Amino acid sequence: YLEDIAQSLVSPKRWKHVKAMTELALDLASAHNLDHHSVLIAALFHDCAKEWTFETSQTWLKVVNPKYLQSHPALWHQKLGAYWLSTQFKRVNPKVLKAMAHHVEGLDLDPITQVIYIADKCDKTRAYDASFFIQLAYQDLKKGYEAVLQHQLEYRKQEKLNA
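Quick look at the structure, then. (Residues numbered from 1 in each chain as written. Predicted model: local features only at pLDDT ≥ 70, side-chain atom pairs only at ≥ 80, totals over all residues. Heavy atoms only, no water.)

Focus on the overall build of the chain
Operational definition: Every helix listed is a DSSP run of H or I at least four residues long, and every strand listed is a run of E at least two residues long, numbered separately from the N terminus. As defined in this context, the radius of gyration uses C-alpha atoms, and a globule is described by 2.2 Å times the residue total to the power 0.38. Buried residues are those whose accessible area, probed at 1.4 Å on protein chains only, stays under 20% of the maximum for their type, while exposed residues exceed 50% and partly exposed ones sit between those limits. Two residues form a contact once any of their heavy atoms are found within 4.5 Å. The protein chains shown are the only cover counted for residues, whose accessible areas, like all others here, come from Shrake-Rupley with a 1.4 Å probe.
From N to C terminus, the chain includes 9 helices and 0 strands. Along the chain, from the amino end to the carboxyl end, the secondary structure elements read α-α-α-α-α-α-α-α-α. At 15 Å, the chain has a C-alpha radius of gyration in line with the 15 Å of a compact globule built from 163 residues. For the C-alpha atoms alone, the extent of the chain along its principal axes is close to 40 × 40 × 30 Å. The buried share of the chain, taken over its 163 residues, is 47%. Look at the contacts in the chain between residues 6 or more apart in sequence, and 61% of them connect residues 24 or more apart. Carbon and sulfur atoms form 54% of the exposed surface of the chain, whose accessible area is close to 8,900 Å².

Structural data, given as structure tokens:
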């Protein structure tokens with residue numbers, strides 16, 4: 001029933017991304033012998049706060065992490081989603097929460113976080129060909145993560161994004 005709960009929290013368009021991203025994350029987890037249950041939970045719920053209104057996000061963030069209000073609003077949902085999940089389910093693996101809390105900017109080196117980050121940026125719903133990054137991540141998770149991170153940093157610089 002976890003999929004039903006996760007699906008109820010997002011729009012149909014976002015759910016397509018979540019499903020595709022979850023599939024890729026689980027495949028990468030298998031390739032690197034990572035805990036499937038933790039990867040599944042982090043993947044299914046990584047965007048659970050993505051479609052909250054600015055006002056709702058701001059209100060929650062004032063409680064969750066007031067200093068984070070200074071960051072770009074496009075980053076907020078990663079911290080809010082992790083917090084929300086921790087309030088809804090007892091005994092959530094801290095690695096799941098960390099993966100969710102860092103899936104946008106990717107600034108954590110735990111393998112589960114790396115898998116969630118790569119899958120979020122490279123799933124088949126994205127409007128670009130990420131096959132190079134995916135293949136690299138299957139071969140070497142750390143190198144795949146570093147390549148995706150570098151690509152994202154260059155993209156944000158080019159687009160003048162702070163998120």
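Quick look at the environment of M21
By the element assignment, M21 lies in helix α2 (residues 12-31). Exposure remark for M21: the relative accessible area of 0% places this residue in the buried category. Along the primary structure M21 and V115 are separated by 94 residues, whereas in three dimensions their C-alpha atoms are 9.9 Å apart. In this structure M21 touches A43, H46, I116, A119, D120 and D123, once residues within four positions along its chain are discounted.

Notes on the nonpolar core
Let me state the cut-off plainly: The definition of a nonpolar core used throughout is a set of buried Ala, Val, Leu, Ile, Met, Phe, Trp, Tyr and Cys residues joined through side-chain atoms within 4.5 Å.
Membership of the largest hydrophobic core comes to 43 residues, with the highest contact counts inside it found for V39, F45, L85, M100, I116, I118 and C122. Secondary-structure elements contributing two or more residues to this core are α2, α3 (36-45), α5 (73-88), α6 (94-101), α7 (111-122), α8 (131-139) and α9 (141-159). Ignoring sequence-local partners within four residues, the contact set of C122 consists of L24, Y128, A130, F133, I134 and V148.

Examining the packing of aromatic side chains
What counts here: Put simply, two rings from Phe, Tyr or Trp (the six-membered ring, in Trp's case) pair if the centres are within 6.5 Å, and we call them stacked under 30 degrees between planes, edge-to-face over 60, tilted for the rest.
The tally for this structure, following the rule as stated, stands at 7 aromatic pairs. Ring geometry for F132 versus F133: centroids 5.4 Å apart, planes at 70 degrees, classification edge-to-face. According to the relative accessible area criterion, F133 is buried, its value standing at 12%. Three or more aromatic residues link up through ring pairs in this structure, and these residues are F45, W84 and F89.

Considerations on α5
Spelled out, the test is: The span expected for a helix works out to 1.5 Å for each residue beyond the first.
An ideal rise of 1.5 Å per residue puts 22 Å on 16 residues; α5 measures up with 23 Å between its terminal C-alpha atoms. Considering only its buried residues, α5 is in contact with α3, α4 (54-64) and α6.

Structural notes on the pattern of salt bridges
Put simply, the test is: By definition, a salt bridge exists where a carboxyl oxygen of Asp or Glu is found within 4 Å of a side-chain nitrogen of Lys or Arg.
As enumerated under the stated definition, the model contains 9 salt bridges in all. With a closest N to O distance of 3.9 Å, E146 and K142 form a salt bridge. Of this pair, E146 and K142 both sit in helix α9, 4 residues apart, which is roughly one turn of that helix.

Points about the layout of surface pockets
How we decide: Throughout, the protein atoms alone are placed on a 1 Å grid, and a set of points is a cavity if a 1.4 Å probe fits but cannot get out or a pocket if it is open with protein on both sides within 12 Å along at least five of seven lines; lining residues have an atom within 4 Å of a point. Grid points are joined across faces, edges and corners, and a volume is the space filled by probe spheres set on the points. Classes in brief: Ala, Val, Leu, Ile, Met, Phe, Trp, Tyr, Cys and Pro nonpolar; Asp, Glu, Lys and Arg charged; the others, Gly included, polar.
There is about 620 Å³ of room inside the largest pocket. What lines the largest pocket is a set of 22 residues, and nearest its centre among them are K50, D120, K121, R126 and Q152. Of the residues forming the lining of the largest pocket, the biggest block, 4 residues, is contributed by α9. By volume, the second largest pocket is sized at about 180 Å³. Every residue along the wall of the second largest pocket is listed here: L2, H37, S38, I41, F45, L85, F89, K90, R91, V92, N93 and V96. Of the residues in the lining of the second largest pocket, the class split is 7 nonpolar, 3 polar and 2 charged.

Points about the packing of α3 against α7
A pair of packed helices is characterised by two quantities: the angle between their axes and the separation of those axes. Defined as follows: To define axes, lines are fitted to C-alpha atoms, for helices over the stretch in contact only, and angles between the resulting N-to-C directions are given on a 0 to 180 degree scale. Orientation categories follow fixed angle ranges, with anything under 35 degrees roughly parallel, anything over 145 roughly antiparallel, 65 to 115 roughly perpendicular, and all other angles oblique. In this scheme the crossing of two helices becomes right-handed for a clockwise turn of the near helix relative to the far one and left-handed for an anticlockwise turn of less than a right angle.
Contact geometry of α3 with α7 gives a least axis separation of 10 Å together with a crossing angle of 40 degrees. Our classification of the angle between α3 and α7 gives oblique. Crossing geometry of α3 relative to α7 is assigned as right-handed. On α7, the residues that touch S38, V39, A42 and A43 of α3 are I112, V115 and I116.

Points about the side chain of S38
Under the convention used in this document: Here a polar contact is taken to be a pair of N or O atoms separated by no more than 3.5 Å, where protein atoms must pair a possible hydrogen donor with a possible acceptor and residues adjacent in sequence count only if both atoms sit in side chains.
Mapping S38 onto the fold places it in helix α3. Within the local environment of S38, its side chain forms a polar contact with the side chain of N93, the two groups lying 3.0 Å apart. Every residue in contact with S38, bar those within four places of it in the chain, is listed here: N93, V96 and I112.

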